[in-house]
Amino acid sequence: MKMQGDKNRTIGIFDSGIGGLTVANAVSKILPNEQLIYFGDTAHLPYGDKSKELIQRYALRITDFLLHEKNCKAIVIACNTASAAAYEALRDKYKGVVPVLNVIDPMIEAVIAEESIQKVGIIATKTTITSGVYQEKFTRRKPTLQFAALATPLLASMIEEGFYNNNISRAVLESYLENDSLKDIDALVLACTHYPLIKTEINNFYKGKVKIFDSAEVVAKKLKLILEKEGLASETKSGKDIFYVTDYTQAFEQTTRIFYGTEIYLQQSEIWKEV
Ligand code: DGL
């Protein structure tokens, strides 16, 4: 059964916290006529070291809220960890109801499209890396592609605390990127919401010789294509973007500026109030 309403319905974007604002930011630039509802599950962050089962439970409840209480016309799982753990469950549940996008598949397509890439590296949270989802999808699509995956769990909290473009972030990055497994890569996938903020530093580390892919722009472009194909693209913005978190603190609100560029106002969501 299709959800009710017209093209002016909102787009729901969710993440474990506020890092997914990098995706929301890219979506608002590429699709300026769309009204967004952003949902950051700050009460449960980080997702990056939680089990697949728990993340699936969170993702299903959040999507239920976005669809049934907010009548969204499309859902974007902005979080890599939630995409790795819960995409299939959401896609199957909402098949034929609304398009559900994850940040992984558009990235796989973007990398495969660059035929010259022989070895690709992935950096992400522990849960994304141990899920093996990138490896499985790359191998299925291009069996000859060499692949290296490295969990870089310090990076997300480092960025959230404002450590980027400085000596500390450079030292942490270097110690990860010098890992033997990443030797001879032609491309590096930044498979975490937070990493677009350190893209320049990573580029500097590789002196521009490794092509860097970040999910924010790739997924925003894919969303545009899907909305156009499904006849769901809005012609005028119907209202202001709305930003929910499940645990409001002033610190989160201040950090949003890092990820979104401009100041935003966070609202407390009560979906976990029964817990
Ligand atoms: N949003 C997560 C991701 O993209 C990073 C933060 C977390 O671990 O919750 O993987």
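Residues numbered from 1 in each chain as written. Predicted model: local features only at pLDDT ≥ 70, side-chain atom pairs only at ≥ 80, totals over all residues. Heavy atoms only, no water.

**Let's talk about the packing of aromatic side chains**
Using the criterion set out here, one finds 10 aromatic pairs in the structure. Considering the side-chain rings of Tyr-38 and Phe-243, the 6.2 Å spacing of their centres and the 45° angle between planes classify their relative orientation as tilted. Here the residue Tyr-38 occupies a position in strand β2 (residues 36-40), and Phe-243 occupies one in strand β9 (residues 242-245), the gap between them amounting to 205 residues. Assigned by exposure class, Tyr-38 and Phe-243 land together as buried. Pairing Tyr-47 with Tyr-58 gives two aromatic rings, centres 5.8 Å apart and planes at 25°, and the pair type is stacked. One end of the pair, Tyr-47, is in the loop between β2 and α2 (52-69); the other, Tyr-58, is in helix α2, and 11 residues separate them in sequence. (Phe/Tyr/Trp six-rings, centres within 6.5 Å; stacked < 30°, edge-to-face > 60°. Helix = DSSP H or I, 4+ residues; strand = E, 2+ residues; numbered from the N terminus. Buried < 20%, exposed > 50% of the residue type's maximum accessible area, 1.4 Å probe, protein only.)

**Details of the pattern of salt bridges**
Scanning the entire structure with this criterion turns up 15 salt bridges. One salt bridge connects Arg-91 with Asp-92, and the closest N-O pair in it is separated by 3.0 Å. Note on Asp-92: relative accessible area 48%, which makes it partly exposed. Across the pair Lys-183 and Asp-180 runs a salt bridge, and its minimum N-O distance is 3.7 Å. With a relative accessible area of 48%, Lys-183 lands in the partly exposed category. (Salt bridge = Lys/Arg side-chain N within 4 Å of Asp/Glu carboxyl O.)

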